[in-house]
Protein chains: 2
Amino acid sequence: MNPVTFEITHICRQSGARTGILHTPHGDVETPMFMPVGTQATVKFLSPEELYEMGAGVVLANTYHLWLRPGEDIVDKAGGVQKFMNYHGPMLTDSGGFQVFSLADTRKIKEEGVTFKSTLNGDMLFLSPEKSIQIQNKIGADIMMSFDECIPYPADYEYAKKSMERTLRWAARGKTAHTRPDSQALFGIVQGGDYEDLRDYCAEELAKMDFPGYAIGGTSVGEDKETMYRMVRWSIEKLPENKPRYLMGVGAVNDLLEGVSSNVDMFDCVLPTRIARHGTLLTSHGRINIRKAIYADDFTPLDDACDCYCCRNYTKAYLNHLFRTNEGFGSRLMSIHNVRFLIRLMEEMRTAIKEDRFADYKKEKLASMQFDERGF
Amino acid sequence: MNPVTFEITHICRQSGARTGILHTPHGDVETPMFMPVGTQATVKFLSPEELYEMGAGVVLANTYHLWLRPGEDIVDKAGGVQKFMNYHGPMLTDSGGFQVFSLADTRKIKEEGVTFKSTLNGDMLFLSPEKSIQIQNKIGADIMMSFDECIPYPADYEYAKKSMERTLRWAARGKTAHTRPDSQALFGIVQGGDYEDLRDYCAEELAKMDFPGYAIGGTSVGEDKETMYRMVRWSIEKLPENKPRYLMGVGAVNDLLEGVSSNVDMFDCVLPTRIARHGTLLTSHGRINIRKAIYADDFTPLDDACDCYCCRNYTKAYLNHLFRTNEGFGSRLMSIHNVRFLIRLMEEMRTAIKEDRFADYKKEKLASMQFDERGF
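Throughout what follows, the structure given in this document is the object of discussion. (Residues numbered from 1 in each chain as written. Chains lettered and ligands numbered in written order. Predicted model: local features only at pLDDT ≥ 70, side-chain atom pairs only at ≥ 80, totals over all residues. Heavy atoms only, no water.)

1. Thoughts on the pairing of strand β9 (residues 124–127) of chain A
For step 1, the next point in the chain: Residues Leu-125 and Leu-127 of chain A point to one face of β9 of chain A and are all buried, whereas Met-124 and Phe-126 of chain A, pointing to the other face, are not buried.
For step 2, the next point in the chain: Hairpin connection between strand β8 (residues 114–117) of chain A and β9 of chain A: a loop of six residues separates the two successive antiparallel strands, and Gly-122 of chain A in this loop has a positive phi of roughly 80°. (Buried < 20%, exposed > 50% of the residue type's maximum accessible area, 1.4 Å probe, protein only. Helix = DSSP H or I, 4+ residues; strand = E, 2+ residues; numbered from the N terminus. Pairing = 2+ DSSP bridges.)

2. Some points on the interface of chain B and chain A
Much of the literature gives interface size as the accessible area that the parts lose upon coming together.
For step 1, the next point in the chain: Listed as interface residues are 35 residues of chain B and, on the opposing side, 35 residues of chain A.
For step 2, the next point in the chain: Summed over both partners, the interface of chain B with chain A comes to about 3000 Å²; 54% of that surface belongs to carbon and sulfur atoms.
For step 3, the next point in the chain: At the boundary of chain B and chain A, one finds six salt bridges.
For step 4, the next point in the chain: Taking the shortest distance from any N to any O, the salt bridge between Glu-327 of chain A and Lys-44 of chain B comes out at 2.6 Å.
For step 5, the next point in the chain: At the junction of chain B with chain A, the criterion picks out 21 residue pairs in polar contact (both at pLDDT 80 or more). (Contact = heavy atoms within 4.5 Å. Buried area = accessible area lost by both parts, 1.4 Å probe. Salt bridge = Lys/Arg side-chain N within 4 Å of Asp/Glu carboxyl O. Polar contact = N/O pair within 3.5 Å; in protein donor to acceptor, adjacent residues only side chain to side chain.)

3. Considering the environment of Glu-348 of chain A
All names here are of chain A.
For step 1, the next point in the chain: Following the sequence through the fold, Glu-348 ends up in helix α14 (residues 328–354).
For step 2, the next point in the chain: Here the alpha-carbon distance between Glu-348 and Ala-215, two residues 133 residues apart in the chain, equals 23 Å.
For step 3, the next point in the chain: Setting aside anything within four residues of it in sequence, one finds Glu-348 in contact with Tyr-361 and Lys-365.
For step 4, the next point in the chain: At 2.5 Å, the side chain of Glu-348 forms a polar contact with the side chain of Tyr-361.

4. A word on the relation of the copies chain B and chain A
For step 1, the next point in the chain: Expressed as a screw transformation, the operator carrying chain B onto chain A has a rotation angle of 180° and an axial translation of 0.0 Å, and the superposed copies differ by an RMSD of 0.0 Å. Both copies of the chain, as the preceding transformation shows, are related through a two-fold rotation axis. Considering only C-alpha atoms, the residue of chain B closest to the rotation axis is Gly-328 of chain B, which sits at 3.4 Å.
For step 2, the next point in the chain: An overlap of 100% is found between the interface residues of chain B and their copies at the interface of chain A, pointing to a shared contact surface. (Least-squares fit on C-alpha atoms with pLDDT ≥ 70 in both.)

5. Re the packing of aromatic side chains
For step 1, the next point in the chain: Evaluation of the coordinates by the stated rule reveals 27 aromatic pairs over all chains.
For step 2, the next point in the chain: Measuring from ring centre to ring centre gives 6.3 Å for Trp-67 of chain A and Phe-116 of chain A, while their planes differ by 55°; the resulting arrangement is tilted. Here Trp-67 of chain A is found in helix α2 (residues 63–68), whereas its partner Phe-116 of chain A is found in strand β8, with 49 residues between them in sequence. The pair Trp-67 of chain A / Phe-116 of chain A is uniform in exposure class, with both members buried.
For step 3, the next point in the chain: With centroids separated by 6.1 Å and ring planes inclined at 85°, the aromatic side chains of Phe-211 of chain B and Tyr-214 of chain B adopt a geometry described as edge-to-face. (Phe/Tyr/Trp six-rings, centres within 6.5 Å; stacked < 30°, edge-to-face > 60°.)

6. Concerning the sheet that holds strand β2 (residues 18–24) of chain B
Residues and elements named next belong to chain B.
For step 1, the next point in the chain: If you walk across this open sheet you meet the three strands as β1-β2-β3, and the pairing is antiparallel. The sheet terminates laterally at β1 (5–11) and β3 (27–31), the two strands that pair on one side only. Taken over all neighbouring pairs, the strand axes of this sheet differ in orientation by 20° on average, direction set aside.
For step 2, the next point in the chain: Sheet topology places β1 next to β2; six bridges connect them, and they run antiparallel. In the strand pairing of β2, Ile-11 is matched with Arg-18. (Axes fitted to C-alpha atoms, helices over the stretch in contact; angles between N-to-C directions.)

Right under this line is the structure:
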């Protein structure tokens, strides 16, 4: 029995977009959903209670970071990452592959795995499909990711093909290495760069391995939006309908709308928390930079359409003050707002899908929100 | 009618220590009490709800800091500091005098007031009794403090006398300048260095001015503990029994016990939050430095005798991880713990007083807690 299962609850008659429920050992979550990132077993500045209140379902943690600190054995001894950080909802760990990818200067990729330099202390480290799964088994999240190679964009066809084939072999090796299939679900990752036949092939081969869920990898690596949307559509085409799809590292407003259009069910991104800490807020009237002097005596909430703890209780003037004085409570309040903004966006999308008007909703949303082409 | 009044509820038959209730426009608070410091209109990392939950009554804000950022006019426009920061309990502002004192290198003290350099941008600034009260009136806390000169220790008799007499004149000028006596209470501050006759005289003169409360100033400026306790006792001797006494800037465990012995009702200190951010925690078993490697796999709470949110939900191993990874949530959790520790200490003291066993309690507490001579 798979510990994580997926159920489609509605398909929008106007757009084909879908809602669903992801059943996990730590509870059910409605899809499409946005997953906040808790890199080091903490969503920066926020408590689990704040995450529950804002409607966060799955929270992501980073295998690479937890491997380095505190080490997977500590998390294992704590009883898993949820007990360690006191988050009672579902969690997901990435494979470490993306962090390795981002260290292009120092890494060496071989069939066996990847050798690279620690960003913490310069030590030489080695990650392989087996090692990644072993670490993720100890971290103990509900959902784990296959160890893959995330290639840059653009990449030539031959390299993309070779790498994708290796990613498939790594997926199979990870599956074999997985020691807790009854309590943790392992997802496969579709790679293949910007090549339709490679994406097709990768998805088909992964589908044969029968993973309980599939991610789309290798996007948000420098490609333009149209290319990214194409990669997503190609990846999904050959994936089984009844399994959840997860678009990794994507959280811009336009990308979320487009992803849901293409039947993506899960998204994660550091964007809302990272930009919040720099004073950039997502609102129903567009992007706000709270450090601006005009907000110093603006006693209205960040977003009059928002129901978050920050908007219910604090003014732009106070946030401007906290930002200018570099107070942690400002990062906390603004992170709450930005994450809630994206979670609320997903709630709205689910409602629009259930009411068979997602195509209209998407069009209106894109027209009414004054974000730039980056989607924030 | 004074906006802030004080009522003695019990005098310990064993020790003479007292409990009371401070009535303020923002609610009643039991004394003796510890007041957390929210320097820039935020108790670093903490929400008002967390402060309520840990039993915080009065929260202190710093006039000097709010004057510089965001400026008293912004706080005034917000409807006062409580509305600005969304804290519904009572608040107190200091006068800015202590911050000016700590800038000994750049300041010039005259009868009119003090000229000094801004710590933010080097601008020349001027604070006087009138200016301090004007700022505090705009900040709008329930309790304001007279602008005083805090002299260093040791100080020669002549200087201590001259300065204390000026502080008395400044207290009278501040009282005259106070424009909101119906909604904000102004406390006087006893100075006089380590000279009994000066402390006596200052207290008597302030008492004649009939302030609704009195602070003991000029302590914690380098003197040894015995000297400090002596200053406190001398200051209090001539103060009216039925008015609250506030020992400024004091929050070490032994000092709180000693202060309550001497009939001090109110204390404040940045100590619990500042040391928490550096990983130093106050527990019923003594001081803990959370960065130590032995805590990396210690899955017990910080303090098994503590009822705070941190101790109810998190382990030393998790706090060690958050500290080592420099995560704001660690500062948040550890600040909650340390402030709650001192608030709980005050609760215990009140209970011991009401049960007429405060002398025994104090003795046992000092013997059983493994803090060093600094009291933390």
